[in-house]
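A closer look at the structure
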Number of protein chains: 2
Amino acid sequence: MITSANAKVEKWGIFEIVLRARSSQNPFTSVKIEASFTHESGDHLVVEGFYDGEDIYKIRFMPNKMGLWKYTVKSNIEDIDGKKGEFICVEPPERVHGPVRTSGYHFRYEDGTPYYPFGTTLYAWVYQKRELVEQTIDSLKDSPFNKVRMCVFPKYFFYNTEEPAMLPLTWQAEHGKYEVVFNLQFFKYFEGLIEKLCDLGIEADVILFHPYDKWGFSKMPQSVDKIYLRYLISRISAFRNVWWSMANEYDFIKPEKDWDDYFQFVQICDPYNHLRSIHQCFKFYDHSKPWVTHASIQWQGSLRSWGGEAGVDIGVNLVPKWRETYKKPIIVDECGYEGDIEYAWGNLPPQEMVNRIWEGVTSGGYVTHGETYRSEDEILWWSKGGRLKGASKERIAFLRRILEGAPQFLEPINFDWDVHCIAKEGEFYLIYFDINQPSVRELNLPDNNKFRIELIDAWEMRITQLGIFSGKCRIRLPGKSYIALRIQKV
Amino acid sequence: MITSANAKVEKWGIFEIVLRARSSQNPFTSVKIEASFTHESGDHLVVEGFYDGEDIYKIRFMPNKMGLWKYTVKSNIEDIDGKKGEFICVEPPERVHGPVRTSGYHFRYEDGTPYYPFGTTLYAWVYQKRELVEQTIDSLKDSPFNKVRMCVFPKYFFYNTEEPAMLPLTWQAEHGKYEVVFNLQFFKYFEGLIEKLCDLGIEADVILFHPYDKWGFSKMPQSVDKIYLRYLISRISAFRNVWWSMANEYDFIKPEKDWDDYFQFVQICDPYNHLRSIHQCFKFYDHSKPWVTHASIQWQGSLRSWGGEAGVDIGVNLVPKWRETYKKPIIVDECGYEGDIEYAWGNLPPQEMVNRIWEGVTSGGYVTHGETYRSEDEILWWSKGGRLKGASKERIAFLRRILEGAPQFLEPINFDWDVHCIAKEGEFYLIYFDINQPSVRELNLPDNNKFRIELIDAWEMRITQLGIFSGKCRIRLPGKSYIALRIQKV
C-alpha cells in the first residue's frame, strides 16, 4: 500500500517520500518537515512529515485524484529543504473506495459507495502477543465487522492488566519544556496493523486518549498531548481507513472545552479530514459542534426509551431524537457487550446485543458490537481479541446483508408509535418489533400499491414470504420477540 | 359483611342503617342524609347515606374501633331526621386486617400487618356476563393477585366494544341544573363484586374515570361528575378494600388542576381516607401533592433507565428516583401487559412481564400485572377477565412468597451501580441482575458477619443454596438472565 517516491501510486493509496538528514536536536520535536503536493488540476495539499529513526524522515501522502502530482519539501534542515519530485496517481483496484465520509445521517466512501458501519471493539488488541494478534485478524476476516474501535495507548483495566511489551512514547521535562521520544518500533507495528485492517476493508476507529491508564498517558501535559497527536497524525493519516475517536469516556479525562481544542487541533493537523468523534461515559459531548463529524455515543440500554425527560414523553426512539439534536450520523459505539463477566456493561445476553443493534439500525443509526465472555485464559475479545465466542456475530452478518440489500439510505419514519421503522417511503420499509411479541399486526400500505411482505426472524435468521398485500391489511405474526417485517413495493 | 342496625358488627365490617322515607324530588340529588357516629372513646365520624330505590335510604359505616358506637341521623326528610341508634363493634376474624394504609414507602393494613401489592388489571370485568365473572373470580382465587384495577364506567376500546347490559347512570339538563339518575341494579351488582374481592383478600383499586368511552362518562359536566363521586363514595367507601384511582390516563380526560379539585372532593367525601392515586399516560401527575397517598405510574419500559435527562445520568433506577421525587410508595400500575396483541403495550413476553415486576420490587416499588393474549373469543384478561393464559402468574406468586418471607420492609440501597437491590442493611439483601447474565460476582459483605447466600432463578422459580460467605467473596453465577441473590445474616 505504501509506495515510495517515483513509482505509480493508486488513488487513496500512500505515496511516501523518504529523506535522510541529520539533526543535532530532538528529531521528533525540533525538526520541521512538510511537503506541498499539487495536482495537475491545481488542487493543493500540505502534508507534515515525521521522524522515523536512523536519520530518516518520511512524508506520507494519500492522493485523492488520478493524474500527475508534484511536490516540494519544506524543512528547517537545509539538506532536504526544497527537494522536489512527482508521481502519477492511477486508478485504484475495484475493492478500494477511499476514506469514509459522512453523507447526511449516513456514511459513504469517498467514491460514493455506501458504507454501513458494523463495528466491533478491540481496545487493546494491538498490545497482545503476535499469535493472538494473528488470531484476531483471522476472526475479523470471518466476521461481519467493518470497523474496529482500538486504542493507541495501552490499557490498564479489568481483564487487561499485563505490562505491555512496548509503550508508544516517553516524555520528560527539560529546560522548561517537554522532551518527547516516540517508540518507533511501536508505531511501525501499530501502523502495520492499521494497514492490515485496511486490506481487510475494515475501518480503524483510532481512540486517541482513554482513561484506563497506569502509565500517565491520560494525564500528560497538554503540550505533550499535542506533540503526540501531531506525530501520530503525520504517521497514519495517509491510511484511508483511519477515523479519529478523540477519546473513550472523555468525561473521565478532561473537561469538554479541552476536547473542543483537541478536536480543532486534529482537524488542523489532518490534511484528509478523516472522520472525527468522541465517546462519553456519563455526559454527552455536544456533537453538534462543527468539528464533530458524527456522534459516537455510549448508551447501555434499550434504544427505545420510555418516559424521557421529566416523564413527559413515552415511547421515544432515541436514535431519531439524537439525529434531531446533532444533525449528524449516530453510532452507538458502546451499548454494552455480549458476555458473562461480573459487570452489567459486560454481561448482555446475545439476544439483547443483537436486539440493540437492530433497534439502532431500524431507527436510523448504527450500533457497535463488543464481546466479554470469561475464559480461563482471560482473553476477552473486547480488550484483547482472539476468538469470538458469542452468538451475535452471525446475526449481525444477517442484518448487514439485509441493510446492504436495501435501498440507500433508509431513513427513520414514524410508521407507528410502538415500532422501529426505517424506510424509503412508498417503496421500502423495514419495521422492527423489538422484544415485543405480537401475533398480529394491522398495516396501512400506501397509495393502493402492491407490496411484498416478508417476515424476518432476527434471532433465527430466517426470512419467510408472507405474500403480496395492499392498502389496509392484517398480517399474522409468530407471537415471538425479535421479529421484523420487510415490505417492498412490487 | 354488611350488618343491619342493632346487630353486632365486626371491626372493619359494615354497619348499615336502612331508612324508609318518601321524597317528592329526585331522591339521588335532593335528599340529604347522613349519620354522625360516636364511639365510647369520644371518636366521632360523619357518614353520608345514599338512596337505594323504593323509598329506601341507607347509611353504611365501617367502624374502626371495638366497643359501643352510637349514631344520630340528620336529614332534610323530617321523618328520619334525628333517628338514633347504637351497636357494638366486636373483634374481627383473624383474616381481617382493615383497610390498607401507606407506611413510609410501603403499605400496611390498618392493624399493622404489611401489605405487599401484587395487583392485576381487570378494567371491565364488572361488565361481562355472569359466567365469565364467576370464572374471573375463580382465576383470582387461584392467583397471587391481591389488588385489582377496575373501572366503574364501562369501557369502549380494542377487544372491548360490546354494549354493556347496564350503565351506571344517566343525566340530563333540567331547569338549569342536571338531573342525575343512578342505575341501582348496576351499583348493587358492582358493590357485590367489591365485597367478593374483599372476601378473597383482594383490594379493589376502583378507577373513577377513564377515557375509553363512547357514552359520554368521561365528558360529563363537572357538577355531574361530583354527584357521581359523592354517590359512589357513599355506597362503597365502607368497604375496607376500596382504593380510589382518580383516573386511568387522566391526561386524556381533563387538565391536572381539575384533578387536583376532584382529588380533594374525594378526600372530603370519603370519611375513611382510603388510598388515593391517579394514573397517567404521558404527563406524570405531581404525586407529591398532599391528597395523593401513593404514586400510580404508567411506565412501558425497563425500570432501569439509561441516560436520564439530557443524557447526563447513566444507570438510573427509576423507582428510587420516583421515591425521591414524590416521597411516597410507588406502584407502577401499568408497565405493559404480557400478551401477543398488535400493540406494544399489550405484547410483552412473559419473561419481560416478570422481569419488570422483579425490577420494581427489588428497587423499592411495586408493579402491577396485566395480560392480553389474543383468543378466538376475544376475551382478554386485562379487560374482561376469564382465564389467565400466561406464564407470569406463578412467577409472581414465587416473588410474592420471597418478599413476604423477608424482613419488613426492605428499602432500596445503592449496593452497586449495575444491580437492583433492596435490603435491611447488615441483615438481609435481595439483589437482582435483570436481563444481565453474569457468571460471577464479587461481593463485599459487611461487618465480618457470616451470610447465607442463595441463588434465585426468578424465571425457573428455583432457589439454590450457594453456602455461607463473609467479607470479600467471589460468587459463581449461572451466566443467565433473571437471576437474584438472597443474602441473609446467619
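Residues numbered from 1 in each chain as written. Chains lettered and ligands numbered in written order. Predicted model: local features only at pLDDT ≥ 70, side-chain atom pairs only at ≥ 80, totals over all residues. Heavy atoms only, no water.

**Regarding the state of the cysteines**
All names here are of chain B. The criterion, for reference: A pair of sulfur atoms, both from cysteines and within 2.5 Å, is called a disulfide here. The rule is simple: take the accessible area with a 1.4 Å probe, protein chains only, and divide by the maximum for that residue type; under 20% is buried, over 50% is exposed, in between is partly exposed.
Per the counting criterion, the structure on display carries 0 disulfides over all chains. With no disulfide of its own, C89 lies 14 Å from the sulfur of C198, the closest cysteine sulfur. For C89, a relative accessible area of 3% gives the class buried.

**Here's the deal with the sheet that holds strand β21 (residues 330-334) of chain B**
Residues and elements named next belong to chain B. We apply this condition: The criterion for strand pairing is that DSSP finds at least two bridges linking the strands in question. Under the scheme used here, helices are H or I runs from DSSP no shorter than 4 residues and strands are E runs no shorter than 2 residues, and both carry numbers assigned from the N terminus.
Strand order in the open sheet formed by 3 strands is β18-β21-β23, and the pairing between neighbours is parallel. Pairing within the sheet leaves two strands with one partner each, and these edge strands are β18 (295-298) and β23 (366-367). Bridge count between β18 and β21: 4 bridges; the pairing is parallel. In the strand pairing of β21, S296 is matched with I331.

**Concerning the packing of aromatic side chains**
Residue and element names in this part refer to chain B. In plain terms, the rule: Stacked, edge-to-face and tilted labels apply to pairs of Phe, Tyr and Trp rings (six-membered ring for Trp) whose centres lie within 6.5 Å, assigned for plane angles under 30 degrees, over 60, and everything in between, in that order.
Across all of its chains, the model carries 109 aromatic pairs over all chains by this definition. Their ring planes at 85° and their centres at 6.2 Å tell us that F15 and F37 sit as a pair that is edge-to-face. With a gap of 22 residues between them, F15 in strand β3 (residues 14-20) and F37 in strand β4 (residues 33-39) connect regions that are remote in the sequence. Relative to Y115, the ring of F107 lies with its centre 6.4 Å away and its plane at 85°, an arrangement referred to as edge-to-face.

**Let's talk about unusual backbone geometry**
Residues and elements named next belong to chain A. Of note, the bond from Q408 into F409 is cis; its omega dihedral lies within 30 degrees of zero at -15°. By the element assignment, F409 lies in the loop between α8 (393-404) and β26 (411-412). Backbone geometry places D434, a non-glycine residue, at a positive phi of 65°. The residue D434 is located in the loop between β28 (428-432) and β29 (440-444) in this model. You can call D434 buried: its relative accessible area is 3%.

**Describing the sheet that holds strand β12 (residues 147-151) of chain B**
Residues and elements named next belong to chain B. Rules: Any two residues whose heavy atoms approach within 4.5 Å at even a single point are treated as in contact. As a rule, the C-alpha atoms of each element are fitted with a line to give its axis, helices using only the stretch in contact, and angles between N-to-C directions run from 0 to 180 degrees.
Read from one edge to the other, the open sheet built from 5 strands follows the order β11-β12-β15-β16-β17, with strand pairing classed as parallel. Looking at the sheet topology across the chains shown, the edges are occupied by β11 (119-121) and β17 (276-277). As judged from the 3 bridges shared by β11 and β12, these two strands associate in the parallel manner. The partner of G119 across the bridge, within β12, is K147. Across the face of the sheet, helix α4 (residues 256-269) comes into contact with β15 (203-209), β16 (242-247) and β17 while running at roughly 160° to β16.

**Quick notes on the pattern of salt bridges**
A pair can form between side chains of opposite charge whenever their charged atoms are brought close. Convention followed: Salt bridges are identified by distance alone: a Lys or Arg side-chain nitrogen within 4 Å of an Asp or Glu carboxyl oxygen.
Scanning all chains against the criterion turns up 76 salt bridges over all chains. Among the salt bridges present, the one from E256(A) reaches K283(A), with a minimum N-O distance of 3.6 Å. Here E256(A) is found in helix α4 (residues 256-269), whereas its partner K283(A) is found in the loop between β18 (276-277) and β19 (295-298), with 27 residues between them in sequence. Looking at E256(A), the relative accessible area reads 17%, which means it is buried. Note that E404(B) and R400(B) form a salt bridge whose closest N and O atoms lie 2.8 Å from each other. With E404(B) and R400(B) both in helix α8 (residues 393-404) and 4 residues apart, the pair spans about one turn of that helix. The class for E404(B) is partly exposed, based on a relative accessible area of 40%. Linked through salt bridges whose partners overlap, the residues forming this network are E16(A), D52(A), K58(A), R60(A), K188(A), E191(A) and R235(A).

**Considering the relation of the copies chain B and chain A**
Rule in force here: Our superposition of the copies is a least-squares fit, built on the C-alpha atoms of residues whose pLDDT is at least 70 in both.
The transform that puts chain B on chain A rotates by 180° and translates by 0.0 Å along the axis, for an RMSD of 0.0 Å. Between the two chains, the operation in question is that of a two-fold axis. Comparing interface residues between copies, 100% of those in chain B also lie at the interface in chain A; the contact surface is shared.

**A few points about the layout of surface pockets**
Filter applied, for reference: A cavity here means a set of points on a 1 Å grid, drawn over the protein atoms and nothing else, where a 1.4 Å probe fits but cannot get out; a pocket is an open set with protein on both sides within 12 Å along at least five of seven lines, and a residue lines either one if it has an atom within 4 Å of a point. Grid points are joined across faces, edges and corners, and a volume is the space filled by probe spheres set on the points.
When its volume is computed, the largest pocket comes out at roughly 940 Å³. Taken together, 48 residues make up the lining of the largest pocket; nearest its centre are E352(A), I435(A), E352(B), I435(B) and Y482(B). Taken together, the elements giving at least two residues each to the lining of the largest pocket come down to β20 (304-307) and α6 (350-361) of chain A together with β19 (304-307) and α6 (350-361) of chain B. Looking at the lining of the largest pocket element by element, the count peaks at 6 residues for α6(A).

**Comments concerning the interface of chain B and chain A**
As a reminder of what qualifies: Accessible surface is computed with a 1.4 Å probe, and the buried area is the amount of it that two parts give up when combined, taken over both parts together. Polar contacts, as used here, are pairs of N or O atoms within 3.5 Å; protein pairs need one atom able to donate a hydrogen and one able to accept it. Residues neighboring in sequence count only if both atoms are side-chain atoms. Note on residue classes: Ala, Val, Leu, Ile, Met, Phe, Trp, Tyr, Cys and Pro are nonpolar, Asp, Glu, Lys and Arg are charged, and everything else, Gly too, is polar.
Contacts between the two partners involve 46 residues from chain B and, on the opposite side, 46 residues from chain A. Summing the contributions of chain B and of chain A, the shared interface buries around 3,600 Å²; its carbon and sulfur component is 54%. For the interface between chain B and chain A, the tally reads 2 salt bridges. Residues R474(A) and E342(B) are paired through a salt bridge, measuring 3.2 Å at the closest nitrogen-oxygen approach. Viewed at the interface, chain A and chain B are joined by 20 residue pairs in polar contact (both at pLDDT 80 or more). Taken together, the residues that form the side of chain B that touches chain A break down as 21 nonpolar, 13 polar and 12 charged.

**Examining helix α3 (residues 222-236) of chain B**
For the record, the criterion: Helix span is expected to be 1.5 Å times the residue number reduced by one.
Its 15 residues place the ends of α3(B) 21 Å apart at the C-alpha level, agreeing with the 21 Å of an ideal helix rising 1.5 Å per residue. For α3(B), the full list of buried residues reads V224(B), D225(B), Y228(B), L229(B), Y231(B), L232(B), I233(B), S234(B), R235(B) and I236(B).

**Some details on the side chain of R149(A)**
All names here are of chain A. By the element assignment, R149 lies in strand β13 (residues 147-151). A relative accessible area of 0% means that R149 is categorised as buried. Among the polar contacts listed, one links the side chain of R149 to the side chain of D205, at a separation of 3.0 Å. Separated by 3.4 Å, the side chains of R149 and S245 make a polar contact.

**Here we look at the packing of α6(A) against α8(A)**
Residue and element names in this part refer to chain A. Just so we agree on the cut-off: Angle categories: roughly parallel below 35 degrees, roughly antiparallel above 145, roughly perpendicular from 65 to 115, and oblique for all the rest. In a left-handed crossing the near helix is turned counterclockwise from the far helix by less than a right angle, and in a right-handed crossing that turn is clockwise.
Where α6 contacts α8, the two axes come as close as 10 Å, and the packing angle between them is 15°. Viewed along their axes, α6 and α8 adopt a mutual orientation that is roughly parallel. Along this stretch, α6 crosses α8, giving a crossing that reads as right-handed. Contact with α6, carried on its side by V354, I357, W358 and V361, involves R395, I396, F398, L399, I402 and L403 of α8 and no other residues of that element. Among the residues forming the contact of α6 with α8, the class breakdown is 9 nonpolar, no polar and 1 charged.

**Focus: the side chain of S392(B)**
Examined against the element boundaries, S392(B) turns out to sit in the loop between α7 (381-384) and α8. Judged by relative accessible area, S392(B) falls into the buried class, the value being 0%.

**A closer look at the pairing of strand β22 (residues 330-334) of chain A**
All names here are of chain A. The buried fraction of β22 amounts to 5 of the 5 residues, a majority that puts the element mostly inside the structure. In terms of strand pairing, β22 meets strand β24 (residues 366-367) through 2 bridges, oriented parallel. Residue I331 lies in a different strand from β24, and its bridge partner there is Y366.

**Looking at the environment of E342(B)**
Residues and elements named next belong to chain B. Relative to the helices and strands, E342 is located in the loop between β22 (338-339) and α6. Considered as a pair, E342 and A484 are 142 residues apart in the sequence and their alpha carbons are 32 Å apart. Within the local environment of E342, its side chain forms a polar contact with the side chain of Y159, the two groups lying 2.7 Å apart.

**Topic: the packing of helix α1 (residues 130-141) of chain B against helix α2 (residues 184-199) of chain B**
The relative placement of two packed helices comes down to the angle between their axes together with the axis-to-axis distance. All names here are of chain B. Put simply, α1 and α2 touch, their axes get as near as 11 Å, and they point 20° apart. Between α1 and α2, the angle falls in the class roughly parallel. Read as a crossing pair, α1 and α2 show a hand that is right-handed. Seen from α1, the contacting residues are R130, V133, E134, I137 and L140; seen from α2, they are Y189, L193, K196 and L197.

**Some points on the pairing of strand β30 (residues 451-457) of chain A**
Residue and element names in this part refer to chain A. Among the 7 residues that make up β30, 6 are buried, leaving the element largely enclosed by the rest of the structure. Pairing geometry for β30 and strand β31 (residues 462-469), over 7 bridges, is antiparallel. Counterpart to D457 in the pairing with β31 is R462. The hairpin turn running from β30 into β31, its antiparallel successor, is 4 residues long, and M461 in that turn takes a positive phi close to 60°. Summarising the sheet, β30 and strand β33 (residues 483-489) pair through 7 bridges and their orientation is antiparallel. Its bridge partner lying in β33, L455 is registered against L485.

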